[in-house]
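# Fold and contact review
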Amino acid sequence: MPLSPSHIAQIAIPVRNLARAKAFYGETLGLRHLFDAPPGLSFYQCGQTRLMLSPPEGEEAGNASIIYYSVENAAGAARALAAQGVAFEEPARCIAQLADREVWLAIARDSEGNLIGLMSEQTAG
């Protein structure tokens, strides 16, 4: 019988400096803080997915998978984060033109060096 998961419940994000990462995810990205737990964990909510900031386990911070955040307008979100000092690896650009919409993407780094994507789907025009 296939597993067929319905959604991603939680993603662990490796961080070297918890206080700095909490400021980035809570203040810079504006995610809702849920709770902190020992040993050095902090949890945030992003839609249906919970993010767990935790010390690296085997992987160094900055070498984890990329998490793509859905935003209304990737170019506008990138400008807003750049104004707050967030470093971008790739500026916002259209990566796909579909029949009825365009897919936009910008790639940045969080406070710990992990890659994050800002992705939007906008009406073609």
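The next thing to look at is the overall build of the protein. Within the protein one finds two helices and eight strands. In sequence order, the protein lays out its α and β elements as β-α-β-β-β-β-α-β-β-β. Principal axes of the C-alpha set define a box for the protein whose edges measure 50 × 50 × 25 Å. When each of the 125 residues of the protein is scored for burial, the buried share is 33%. Surface summary for the protein: the accessible area is close to 7400 Å², and the carbon and sulfur share equals 53%. The protein carries 9 positive and 13 negative side-chain charges, and their two centres are separated by 3 Å.

Attention now moves to the pairing of strand S2 (residues 32-37). Strand direction decides the pairing type here: S2 and strand S3 (residues 41-46), joined by five bridges, are antiparallel. Looking across to S3, one finds that Asp-36 is bridged to Ser-42. Joining the antiparallel neighbours S2 and S3 is a turn of three residues, in which Gly-40 adopts a positive phi near 80 degrees.

Ile-13, Tyr-25, Leu-51, Leu-53, Tyr-69, Ile-116 and Leu-118 are the most contacted members of the largest nonpolar core, which totals 19 residues. Counting residues per element, the ones that place at least two in this core are helix H1 (18-28), strand S4 (49-54), strand S5 (67-70), helix H2 (74-83), strand S7 (101-109) and strand S8 (115-123). Ignoring sequence-local partners within four residues, the contact set of Leu-53 consists of Ile-13, Val-15, Leu-18, Ala-21, Lys-22, Tyr-25, Gly-40, Leu-41, Ser-42 and Tyr-44.

Another point: the packing of aromatic side chains. Pairs of aromatic rings are described using the distance from one ring centre to the other and the angle between the two planes. In total, this model carries two aromatic pairs according to the counting rule given. Ring centres 5.1 Å apart and planes at 75 degrees place the aromatic pair Phe-24 and Tyr-25 in the edge-to-face group. Across the pair, exposure class does not vary: Phe-24 and Tyr-25 are buried alike.

Close approach of charged atoms allows side chains of opposite charge to pair. Counted according to the given criterion, the structure contains six salt bridges. Put simply, Asp-36 and Lys-22 hold a salt bridge, and the shortest N to O gap is 2.7 Å. Taken together, the positions of Asp-36 in strand S2 and Lys-22 in helix H1 put the pair 14 residues apart, joining distant regions of the chain. Look at Asp-36 and you get partly exposed, because its relative accessible area is 42%. Arg-109 is the salt-bridge partner of Glu-89, the closest N and O atoms lying 3.0 Å from each other. One end of the pair, Glu-89, is in strand S6 (residues 88-97); the other, Arg-109, is in strand S7, and 20 residues separate them in sequence. You can call Glu-89 partly exposed: its relative accessible area is 45%. Taken together, the shared-partner salt bridges in this structure form one network comprising Asp-100, Arg-101 and Glu-121.

Conventions and cut-offs
- Residues numbered from 1 in each chain as written.
- Predicted model: local features only at pLDDT ≥ 70, side-chain atom pairs only at ≥ 80, totals over all residues.
- Heavy atoms only, no water.
- Helix = DSSP H or I, 4+ residues; strand = E, 2+ residues; numbered from the N terminus.
- Buried < 20%, exposed > 50% of the residue type's maximum accessible area, 1.4 Å probe, protein only.
- Areas by Shrake-Rupley, 256 points an atom, 1.4 Å probe, with all protein chains shown as cover.
- Lys, Arg positive; Asp, Glu negative; His and termini not counted.
- Charge placed at Lys NZ, Arg CZ, Asp CG, Glu CD.
- Pairing = 2+ DSSP bridges.
- Core = buried A, V, L, I, M, F, W, Y, C linked by side-chain atoms within 4.5 Å.
- Contact = heavy atoms within 4.5 Å.
- Phe/Tyr/Trp six-rings, centres within 6.5 Å; stacked < 30°, edge-to-face > 60°.
- Salt bridge = Lys/Arg side-chain N within 4 Å of Asp/Glu carboxyl O.

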